[in-house]
Amino acid sequence: DAHQPHAGPVAYISGIDVRNPDVGGYEGYDCARRRCPVGDGGAPGSPGAFEVQTVRCTSAVVTDAFRVTFRRQTSRWISNNASATDVRDALEDMTTVGRVRVALSAGMLRVCDPSVLADDAAAGAHVTFLTELGDVPAMTTEPAYNVTETVKGTKTEAECSNRGYCDYATGLCRCLEGFVGSDGDGDVGPRRDCGRLDPHGFTLNMYTSL
């Protein structure tokens, strides 16, 4: 889809990839407005779920490695013997991915473990998207492994989490009183998205609070 990368020097503007600073891209009919952080804008007490996709190393093409494409960007080659940490690092190196959690099914010692995959149709590498909210596009792989949506993302992606106002000149959120930045799940985090209710009901810095 046309989402700009989560971080890094590349943004998707007016149908092409362009270079821009790490904090926010530009939007609007004339590309003059800075884009503010987004967070989970769902109703309080109904946080929704992070998207989980499962990769199973099943392909008629026999190779020693694979790579993943997500939102038009492709990862480096990942060894079939890679650990969950190796897969996570390769995915997070892409500018279209912020943070993910990767877990291998019980009994799997590597991402492509034929002894487990042959006996368990649900086994694989389970990728949880922690910074890309909502129902995100499916990853694809080369060679073409089986990728399924294990948990549909149901968080509501909203500018400043619907709990603040965007300063389009700076690309920073001005949080409503009592709200600070979050991790996209209501806890402390670096998103600068006004998505967390501070237990003291206090906003330290209305533009850049963590």
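Residues numbered from 1 in each chain as written. Predicted model: local features only at pLDDT ≥ 70, side-chain atom pairs only at ≥ 80, totals over all residues. Heavy atoms only, no water.

(A) Quick look at the pairing of strand E11 (residues 125–129). Summarising burial for E11: four of the five residues are buried, a large majority. By the bridge criterion, four bridges tie strand E6 (residues 52–56) to E11 in an arrangement that is antiparallel. Pairing of Val-52 across the sheet is with Thr-128, part of E11. Examined bridge by bridge, strand E10 (residues 100–104) and E11 share five bridges and lie antiparallel to one another. The partner of Val-102 across the bridge, within E11, is Val-127. (Buried < 20%, exposed > 50% of the residue type's maximum accessible area, 1.4 Å probe, protein only. Helix = DSSP H or I, 4+ residues; strand = E, 2+ residues; numbered from the N terminus. Pairing = 2+ DSSP bridges.)

(B) Spotlight on helix H1 (residues 84–92). Residues Ala-84, Val-87, Ala-90 and Leu-91 constitute the buried set of H1. Down the axis of H1, the smallest arc covering the buried residues is 130 degrees, so these residues share one side. On the buried face of H1, the contacting elements are strand E7 (65–70), strand E9 (78–79), E10 and E11. (Arc of directions from axis to C-beta. Contact = heavy atoms within 4.5 Å.)

(C) Quick look at the pattern of salt bridges. Here the structure, examined in full by the defined rule, presents seven salt bridges. A salt bridge links Arg-88 to Asp-89, with the nearest nitrogen and oxygen atoms 3.0 Å apart. Owing to a relative accessible area of 32%, Arg-88 belongs among the partly exposed residues under this scheme. The shortest N-O distance in the salt bridge between Arg-191 and Asp-193 comes to 3.4 Å. When sorted by exposure, Arg-191 lands in the same class as Asp-193, which is buried. (Salt bridge = Lys/Arg side-chain N within 4 Å of Asp/Glu carboxyl O.)

(D) Region of interest: the pairing of E6. Taken across its five residues, E6 has five buried, putting it largely inside the fold. Where burial is concerned, the two faces of E6 agree: the one with Val-52, Thr-54 and Arg-56 and the one with Gln-53 and Val-55 are both buried.

(E) Structural view of the state of the cysteines. The full count for this structure, using the stated rule, is four disulfides. Here Cys-160 pairs with Cys-173 through a disulfide, and the sulfurs are 2.2 Å apart. Taking the sign of the torsion about the S-S bond as the criterion, the disulfide between Cys-160 and Cys-173, at about -95 degrees, is left-handed. Remark: Cys-173 occurs in strand E16 (residues 172–175) and Cys-160 occurs in the loop between strand E14 (157–159) and strand E15 (164–167); sequence separation between them is 13 residues. There is no split in this pair, since Cys-160 and Cys-173 are both buried. Disulfide pairing places Cys-175 opposite Cys-194 at an S-S distance of 2.1 Å. Measuring the twist about the S-S bond at about -85 degrees, one finds the Cys-175-Cys-194 disulfide to be left-handed. Within this pair, whereas Cys-175 is found in strand E16, its partner Cys-194 is found in the loop between strand E17 (179–180) and strand E18 (196–197), the two being separated by 19 residues in sequence. In the protein, numbering the disulfide-bonded cysteines from first to last in sequence yields the connectivity 1-5, 2-3, 4-6, 7-8. (Disulfide = S-S within 2.5 Å.)

Note that all results are geometric; they support no functional claim without further evidence.
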